[in-house]
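Structural overview for review
Chain by chain, the residues run as shown.
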Amino acid sequence: MSVSYTIARPYAKAIFEIAVKNNTIQKWQNMLILINAIASHKQIKYFLSGALSPKYLSYIFFKISGKNINMYAKNLVRLLSENQRLRILKDILKHFLELNCAHQNILVVHLITAHPFSKKQIFDIRKILENIFLKKIEFVCKINRDIISGFILKTYDTVFDFSIRSHLNQLFKTLNP
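Below is a summary of the structure that appears in this document. All values reported here derive from a predicted model rather than from experimental measurement.

In this section: the overall build of the protein chain. If you tally the helices and strands in the protein chain, you get eight helices and four strands. For the protein chain, the N- to C-terminal ordering of α and β elements is α-α-α-α-α-α-β-α-β-β-β-α. Against the 2.2 N^0.38 benchmark of 16 Å for 177 residues, the protein chain shows a C-alpha radius of gyration of 21 Å, more extended than a compact globule. By principal-axis analysis of the C-alpha atoms, the protein chain measures approximately 60 × 40 × 25 Å. Counting the 177 residues in the protein chain, one finds 36% classified as buried. Expressed as a percentage of contacts within the protein chain between residues at least 6 apart in sequence, the contacts between residues at least 24 apart total 67%. Only carbon and sulfur atoms are counted for the fraction: they give 57% of the accessible area of the protein chain, which is about 11600 Å². For the protein chain, the distance from the average position of its 26 positive side-chain charges to the average position of its 10 negative side-chain charges is 9 Å.

As structure tokens, this is what we get:
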């Protein structure tokens, strides 16, 4: 886990608690996506290096975002700017989205395959995982031809590797101690 992700966690947790309390989870998600998009822009990234004062940097964010962020999001931008932490917005957004999934009892699973799976295969895997984790499963699918065949499932802290590449590597280690 990166340092910026660790620093971002309390910010995301506080934002999420406020969003739940005020029933504004979707609004906060949209504002964080917008603020992150601004911070990720090539020209804005240059200013994040400390070339501008925190006050002026916040002003730029407010001008670009217009009326799309509320006063609480503006306070977040000010706070991050003053502490030179606008670079962690991506991690704040990522952790906020994870908290939202947990709140909705959703588990995001990365499905990595060598070839595209059919809808039935994905449906079958989803049903098995929902029975294991007791959560609604949402997939992020990715094709990686390097795994040769099979698939890999990744969640936050669990990996199921059913790829041919993995089996070949294990066989190689067994035969060549």
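Still more ground to cover, so stick around.
This part covers the packing of helix H4 (residues 54–65) against helix H5 (residues 71–82). Where H4 contacts H5, the axes come no closer than 9 Å and their chain directions differ by 145°. At the point where H4 passes H5, the crossing takes the right-handed sense. Contacts between H4 and H5 pair Pro54, Leu57, Ser58, Phe61 and Phe62 from the former with Lys74, Val77, Arg78, Ser81 and Glu82 from the latter. Looking at the contact of H4 with H5 residue by residue, the class counts come to five nonpolar, two polar and three charged.

Backbone hydrogen bonds are what pair the strands of a sheet, in a parallel or an antiparallel way. Strand order across the open sheet formed by four strands is E2-E1-E3-E4, with mixed pairing between neighbours. Unpaired on one side and paired on the other, strand E2 (136–143) and strand E4 (159–163) mark the two borders of the sheet. The sheet shows a mean angle of 20° between the axes of neighbouring strands, direction not considered. Pairing between strand E1 (residues 106–113) and E2: eight bridges, direction parallel. When the sheet's bridge partners are listed, Leu111 is paired in E2 with Cys141.

Its boundaries defined by the atoms lining it, the largest pocket holds a volume of some 300 Å³. Forming the boundary of the largest pocket are Tyr5, Lys94, Leu97, Glu98, Cys101, Val108, His110, Lys154, Thr155 and Tyr156. Of the residues in the lining of the largest pocket, the class split is five nonpolar, two polar and three charged. Each of domain 1 (3–101) and domain 2 (106–175) contributes no fewer than three residues to the lining of the largest pocket.

Once that is clear, we can look at the side chain of Asp91. When you line up the elements, Asp91 lands in helix H6 (residues 89–103). An unpaired buried charge is present at Asp91: no salt bridge exists, and Lys94, the closest side chain of opposite charge, is 5.8 Å distant. Setting aside its immediate chain neighbours within four residues, Asp91 contacts Ser2, Ser4, Tyr5 and Ala8.

Rules of the game
Residues numbered from 1 in each chain as written. Predicted model: local features only at pLDDT ≥ 70, side-chain atom pairs only at ≥ 80, totals over all residues. Heavy atoms only, no water. Helix = DSSP H or I, 4+ residues; strand = E, 2+ residues; numbered from the N terminus. Rg over C-alpha atoms; globule rule 2.2 N^0.38 Å. Buried < 20%, exposed > 50% of the residue type's maximum accessible area, 1.4 Å probe, protein only. Contact = heavy atoms within 4.5 Å. Areas by Shrake-Rupley, 256 points an atom, 1.4 Å probe, with all protein chains shown as cover. Lys, Arg positive; Asp, Glu negative; His and termini not counted. Charge placed at Lys NZ, Arg CZ, Asp CG, Glu CD. Axes fitted to C-alpha atoms, helices over the stretch in contact; angles between N-to-C directions. Left-handed = near helix turned anticlockwise from the far one by under 90°. Nonpolar A, V, L, I, M, F, W, Y, C, P; charged D, E, K, R; others polar. Pairing = 2+ DSSP bridges. 1 Å grid on protein atoms, 1.4 Å probe; cavity = no way out; pocket = protein on both sides within 12 Å on 5 of 7 lines; lining within 4 Å. Points joined across faces, edges and corners; volume = space filled by probe spheres on them. Domains from an automatic or database assignment. Salt bridge = Lys/Arg side-chain N within 4 Å of Asp/Glu carboxyl O.

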